[in-house]
Amino acid sequence: MNRPRIAVVTFPGSNDDRDAALALERLGAEPTLVWHAEPELPDVGGVVLPGGFSYGDYLRCGAIARFAPVLEAVRRFAEDGGLVLGICNGFQVLCEAGLLPGVLRPNASLEFVCRDVALRLERADTPFTSRGEAGQTLTIPIKHGEGCYFADEELLDELERDGQVVLRYEQNPNGSVSAIAGVTNRGGNVFGLMPHPEHAVDPLLGSTDGALLLGSLVDAARERELTAA
Amino acid sequence: MKATILVRPKPGILDPQGEAVQSSLRQLGFAVDEARVGRVIDLELADADADAARAELERACEQLLANPLIESYEIAVER
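Source: prediction; values computed, not measured.

Let's talk about the overall build of chain A
- Secondary structure summary: chain A contains five helices and eleven strands in total.
- A globule of 229 residues ought to have a C-alpha radius of gyration of about 17 Å, and chain A, at 16 Å, matches this closely.
- Taken along its principal axes, the extent of the C-alpha atoms in chain A is 45 × 35 × 35 Å.
- When contacts within chain A are restricted to residue pairs at least 6 apart in sequence, those whose partners lie at least 24 apart make up 74%.
- Accessible area of chain A: about 9300 Å², with a carbon and sulfur share of 49%.
- Separation between the mean location of the 19 positive side-chain charges and that of the 33 negative ones in chain A comes to 1 Å.

In structure tokens, the structure reads:
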């Protein structure tokens, strides 16, 4: 089987870019690290914005990263239907950039939370979850201080109605509205989540449920490359 | 020209920082019913025209300094 190319963007302050690349490689992709200052993306079947603290997360998490030159290329890629996955800080960046609805705020507890959490997979019919089954429970770690997802009532109704909520915490660790852990855009080709699937791909680290999400992305990126060819 | 921008969490938005400040103040004996914590941004502007500066700052707030989903802002320009 061919190895689809997936770009992993490195911002100054990213710290999970290499873990994401390693996980994608193990799951059959050919990851390629792309520096934030690049004006273009290489020819890829998908893009991952990794976790970390882009540009020090000054002002608000993700608020500065959204002006990185590469983000314009990511925006064009997403508008063409390209697959974009934002993990943790990457999720915050996508929200600030308006590629995903809502915003992430300081945890209600004001504490940094770092532990495995149980998540309910709400949808298995997305390019990021096709290896799973709707309703199943996934165990994946979170590690964030600002993961409290917020959408106002109107937006929340819209997200629930359109099935954009893909992952929900079984026990809300951070005060997110409706216990939302991950959402897609309306087109379903951009997905952001606070949990770290790249840290849950090896049994040595406790859970391999992250492989289900990243592996789905690898499958979808491969299919996309084949269709394009 | 100087300008000051106040960014506040919108009413109804959970403000855990404000709650922590309120509870600390109460512990110190201050009778505080509510605290909300925002952000102050002081700017030194090249612009000499106050109205033009205000219009620019309006854009700066929308694009970067505040997230309109959760924050409101106030602009004060010193003439």
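Focus on the interface of chain B and chain A
- Facing the 15 residues of chain B at the interface are 14 residues of chain A.
- The junction of chain B with chain A conceals about 1300 Å² of combined surface from both sides, 65% of it contributed by carbon and sulfur atoms.
- Looking only at chain B, the three residues that lose the most surface to chain A are Pro 16, Leu 64 and Leu 69 of chain B, adding up to 37% of its buried area.
- Scanning the region where chain B abuts chain A turns up one salt bridge.
- Between the two partners, chain B and chain A, sit six residue pairs in polar contact (both at pLDDT 80 or more).
- Elements with a minimum of two residues in the side of chain B that touches chain A: α1 (16–27), β2 (39–44) and α2 (50–65) of chain B.
- Residue composition of the side of chain B that touches chain A, grouped by class: ten nonpolar, three polar and two charged.

What counts as what
- Residues numbered from 1 in each chain as written.
- Chains lettered and ligands numbered in written order.
- Predicted model: local features only at pLDDT ≥ 70, side-chain atom pairs only at ≥ 80, totals over all residues.
- Heavy atoms only, no water.
- Helix = DSSP H or I, 4+ residues; strand = E, 2+ residues; numbered from the N terminus.
- Rg over C-alpha atoms; globule rule 2.2 N^0.38 Å.
- Contact = heavy atoms within 4.5 Å.
- Areas by Shrake-Rupley, 256 points an atom, 1.4 Å probe, with all protein chains shown as cover.
- Lys, Arg positive; Asp, Glu negative; His and termini not counted.
- Charge placed at Lys NZ, Arg CZ, Asp CG, Glu CD.
- Buried area = accessible area lost by both parts, 1.4 Å probe.
- Salt bridge = Lys/Arg side-chain N within 4 Å of Asp/Glu carboxyl O.
- Polar contact = N/O pair within 3.5 Å; in protein donor to acceptor, adjacent residues only side chain to side chain.
- Nonpolar A, V, L, I, M, F, W, Y, C, P; charged D, E, K, R; others polar.

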